[in-house]
Amino acid sequence: MNANPYLPVRAKILEVVRQTEQIATFQIESPGLNPVPGQFLEVSIPKVGECPLSISDFDSDYIELTVRKVGKVTGALNALRKGDHLFIRGPYGNGFPLEKLAGRHVVMVLGGIGLVPVKSIVNRYYQNGGVKRLDLLVGFRTPREVIFQEELARWQEKFNVVITVDQGEPDWPGRVGLVSELVKEVAGQERAVAIVVGPPAMIRAAAEELLKSRVAKEDIWVSLERRMSCGIGKCGHCKISDQYVCLDGPVFNYRQVEKLVD
Amino acid sequence: MGYALSVQAFNSLLAELGGRYKIYAPKVFQGKGRVAGSALVAYGEVGELAEIAFDRKTAFSPKEIIFPVNQTMFYFTKEEFKENVPDERGVLIFLRACDINGIERLDTIFLQNGPYRDVYYERLRRKVKFFLMDCHPGWESCFCVSLGSNRTENYAVYVRRENNEVFCRVKDQELAGLFEKYGRAADVEPRFVEKNEVQVKVPGEVGVDVFEHRLWQEYTARCSACGRCTVSCPTCTCFTIQDLFYQDNAECGERRRVWASCMIDGFTDMAGGVALRANHGDRLRYKTLHKIYDFKKRFGVPMCVGCGRCDDVCPEYISFSKCINKLGEILGR
Ligand SMILES: Cc1cc2nc3c(=O)[nH]c(=O)nc-3n(C[C@H](O)[C@H](O)[C@H](O)COP(=O)(O)OP(=O)(O)OC[C@H]3O[C@@H](n4cnc5c(N)ncnc54)[C@H](O)[C@@H]3O)c2cc1C
Ligand code: SF4
Ligand code: SF4
Ligand code: FES
């Protein structure tokens, strides 16, 4: 690894799918990256900046990113179209421990864009099986913010998919309320293993509910989001206690998470 | 090998080295101090012995020589990236044992933390030779001995000035010939500070309960989150990567990194208005635990080298050694 790890490579956008007003999915040409689900890339547009983005899906010759427009870089990314180029380096981080999920009852508790890093896992289980049972609990703020609608509908065929929103609308057919509240309906009957992705408050609430439903701490896996700059353990922004989210995470076991203090 | 050199001979030696190396040392900058008319002691390029402030401690550490405050990583032209490669001359730094230990902490992060090496740091770092300055008896805010960073064996040349002579011990074979040429053989052993006025007790284990202690609230009331303590620290490595484009040609620009500080607003800001450690005392807690606990847990040595600069520069007179000792007391109970 003598090469400069900060130098990104140019990658072409093969396809753009609009998810919501703020969120778009980009399929990017990038052969041979072979990421582990849950890993992320540092994505940049020269002269605008760089930011970490989870790999939402991948194949042998493309990578998919799903970007919510919140600021400078994500705003500029949002304006890109098919055929444009962006720059990437990575993949970074550890990814999910898939071997720990094999053959188990899996409960995923996801807040909004937290669906992004697990999408490729669910797709693979959908295509090839591999788990005993999958409960996919997804919370969005409003019905208009629901992403991956097609995928969610397809996954319903094989898995228990429950979608909830914080604020309903008159024609919203789904549930209303916090996603963490759904945990007690699905976990508990048998030894489940859980994946939790979302904002800090949601992670806390979901973990509490999982523990109440007697899911073991060892069986809860959390993907943390922290401010990042370098993605490779140098810039210090993502450090919590003695752990670097970009190197040692973003996926941590709950046993570790409970000892980490920002 | 040990050598004694006259001041004049040492100056000739520096002049000869100056052709191949940039030479940095503590230096007094008149009128640049914090108070109008006062002097700033900081690192700067030197050409002769008289410029080197042997009897002063710098407000800022030598780290900026190898980790600049502002560093271009690469330039963007219309269709390509061009890396910024430093010039060829070597670098000699006159510094004390604490700061050599400090640079070893930088090495740990930039070269060893995770699978990637930071090439920008490495390119500058590998040009550096250390000229270990004799340190005696230290300053009132120093606490290097408690942290084991009062000593080092990691140097090219050890230098002690006594009256009109300079005593050197040379480890670096490349430089030995020069000392041979300008000096006479002498018995020289480095001496190190063996006792500081200030001592700290670094706690062994830290429980989660420490995080909510009243101690940090007291610091919230005092600390103004100015970040001076982290700027002056030889072991702080945090930075933020930024892009910019040039006013006169928007097609060209650069990606650069600038120092960042966990004490200053914005360090952890995330989308959705999530910001960690809004209270200044919580930032001081985060910094303190990193310096004396987290780093040690990860790499086996404390991060802080006890140079006391953070105490020297804090406008609110917050003493880091006192903070460590208060924490130690709480944990001892
Ligand atoms: C491991 C990881 C994976 C991520 N995956 C995704 C993803 O798949 N899709 C997605 O849309 N977003 C993801 N994010 C969040 C994304 O990185 C930020 O939204 C992005 O950095 C904002 O950059 P910006 O230039 O657009 O915003 P800025 O203009 O820099 O700031 C706008 C807002 O975003 C915040 N922000 C800035 N940098 C970050 C950062 N590194 N992380 C979080 N917030 C930040 C700012 O504080 C501000 O509130 C991920 C973050 C991490 C750490
Ligand atoms: S924390 Fe303070 S005493 Fe310790 S190395 Fe940094 S500046 Fe020196
Ligand atoms: S401890 Fe002192 S120097 Fe450091 S941020 Fe607070 S006020 Fe500034
Ligand atoms: S993002 Fe820079 S250290 Fe983790």
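It should be noted that the structure appears before, not after, this text.
Residues numbered from 1 in each chain as written. Chains lettered and ligands numbered in written order. Predicted model: local features only at pLDDT ≥ 70, side-chain atom pairs only at ≥ 80, totals over all residues. Heavy atoms only, no water.

Undergrad: Hey, could you run me through the overall build of chain A in this one?
TA: The secondary structure content of chain A amounts to seven helices and 15 strands. Here the C-alpha atoms of chain A give a radius of gyration of 18 Å, agreeing with the 18 Å that 2.2 N^0.38 yields for 262 residues. Reported as C-alpha extents along the three principal axes, the dimensions of chain A are approximately 50 × 45 × 35 Å. With 262 residues in all, chain A has 60% of them scored as buried. Counted over contacts in chain A with a minimum sequence separation of 6, partners at least 24 positions apart contribute 70%. Carbon and sulfur atoms form 49% of the exposed surface of chain A, whose accessible area is close to 10,800 Å². Averaging the coordinates of the 33 positive side-chain charges in chain A and doing the same for the 31 negative ones gives two points 3 Å apart. (Helix = DSSP H or I, 4+ residues; strand = E, 2+ residues; numbered from the N terminus. Rg over C-alpha atoms; globule rule 2.2 N^0.38 Å. Buried < 20%, exposed > 50% of the residue type's maximum accessible area, 1.4 Å probe, protein only. Contact = heavy atoms within 4.5 Å. Areas by Shrake-Rupley, 256 points an atom, 1.4 Å probe, with all protein chains shown as cover. Lys, Arg positive; Asp, Glu negative; His and termini not counted. Charge placed at Lys NZ, Arg CZ, Asp CG, Glu CD.)

Undergrad: Would you take a moment to explain the pairing of strand 4 (residues 49–58) of chain A for this structure?
TA: Sheet faces and side chains relate simply in a regular strand, where the side chains alternate between the two faces. Counting buried positions along strand 4 of chain A yields eight of ten residues, so the element is predominantly enclosed. If you look at the hairpin formed by strand 3 (residues 40–45) of chain A and strand 4 of chain A, you'll find three residues sitting between the two strands, and Lys47 of chain A has a positive phi there, around 75°. (Pairing = 2+ DSSP bridges.)

Undergrad: In this structure, what is going on with the site of ligand 3? I would like to understand it.
TA: Surveying the vicinity of ligand 3 reveals the residues Cys223, Ser224, Ala225, Cys226, Gly227, Arg228, Cys229, Met263, Cys314, Pro315, Glu316 and Ile318 of chain B. In terms of residue class, the shell around ligand 3 is built from eight nonpolar, two polar and two charged. (Near = heavy atom within 4 Å. Nonpolar A, V, L, I, M, F, W, Y, C, P; charged D, E, K, R; others polar.)

Undergrad: I tried to follow the interface of chain A and chain B on my own but got confused; where do I start?
TA: A common measure of how large an interface is: the accessible area buried when the components associate. Contact with chain A, which involves 45 residues of that partner, is made by 51 residues of chain B. Of the roughly 3,800 Å² buried at the junction of chain A and chain B (both faces included), carbon and sulfur atoms supply 59%. Broken down residue by residue, the surface that chain A buries against chain B is led by Tyr6, Lys47 and Lys234 of chain A, which jointly contribute 20%. Linking chain A to chain B there are four salt bridges. Linking Asp242 of chain A and Lys297 of chain B is a salt bridge whose minimum nitrogen-to-oxygen distance equals 4.0 Å. In this structure, the connection of chain A to chain B is made through 21 residue pairs in polar contact (both at pLDDT 80 or more). Within the residue set of the side of chain A that touches chain B, elements represented by two or more residues are strand 3, strand 4, strand 6 (85–92), strand 14 (243–244) and helix 6 (245–248) of chain A. By residue number, the principal contributor to the side of chain A that touches chain B is strand 6 of chain A, which donates four residues. Residues of the side of chain A that touches chain B, tallied by class, amount to 20 nonpolar, ten polar and 15 charged. (Buried area = accessible area lost by both parts, 1.4 Å probe. Salt bridge = Lys/Arg side-chain N within 4 Å of Asp/Glu carboxyl O. Polar contact = N/O pair within 3.5 Å; in protein donor to acceptor, adjacent residues only side chain to side chain.)

Undergrad: Could you clarify how one ought to interpret the packing of helix 7 (residues 214–222) of chain B against helix 9 (residues 280–299) of chain B in this entry?
TA: Helix-helix packing: each pair is described by the crossing angle between the helix axes and the interaxial distance. Residues and elements named next belong to chain B. At their nearest, the axes of helix 7 and helix 9 sit 6 Å apart, and the two run at 120° to each other. In this structure, helix 7 crosses over helix 9, and the sense of that crossing is right-handed. Across from Trp216, Tyr219 and Thr220 in helix 7, the residues of helix 9 making contact are His280, Gly281, Asp282, Leu284, Arg285 and Thr288. Counted by class, the contact of helix 7 with helix 9 contains three nonpolar, four polar and two charged residues. (Axes fitted to C-alpha atoms, helices over the stretch in contact; angles between N-to-C directions. Left-handed = near helix turned anticlockwise from the far one by under 90°.)

Undergrad: Explain the nonpolar core here, please?
TA: Inside soluble globular proteins, nonpolar side chains tend to come together where they are buried. Judged by nonpolar contacts, the single largest core of 75 residues is most densely connected at Tyr6, Val109, Leu137, Val196 and Leu210 of chain A. With seven residues, helix 3 (residues 97–112) of chain B is the largest single contributor of residues to this core. Once residues within four sequence positions are removed from consideration, Val109 of chain A is found in contact with Leu137, Val179, Val183, Ile195, Val196, Val197, Met202, Ala206 and Leu210 of chain A. Core analysis: the next-biggest nonpolar cluster, separate from the first, contains 33 residues, Val118, Tyr126, Leu134 and Phe148 of chain A among them. (Core = buried A, V, L, I, M, F, W, Y, C linked by side-chain atoms within 4.5 Å.)

Undergrad: Explain helix 11 (residues 320–332) of chain B here, please?
TA: Side chains that are three or four residues apart share a direction in an α-helix, a result of its 3.6 residues per turn. All names here are of chain B. The end-to-end C-alpha separation of helix 11 is 18 Å, in line with the 18 Å expected for 13 residues at 1.5 Å each. The complete set of buried residues in helix 11 reads Phe320, Ser321, Cys323, Ile324, Leu327 and Ile330. Buried residues along helix 11 sit against helix 7, helix 9 and helix 10 (309–313). (Expected span 1.5 Å × (residues − 1).)

Undergrad: Would you take a moment to explain the site of ligand 2 for this structure?
TA: By nearness alone, every residue bordering ligand 2 is listed as Phe143, Cys233, Pro234, Lys291, Cys304, Val305, Gly306, Cys307, Gly308, Cys310 and Phe320 of chain B. Class assignment of the residues belonging to the shell around ligand 2 gives a composition of eight nonpolar, two polar and one charged.

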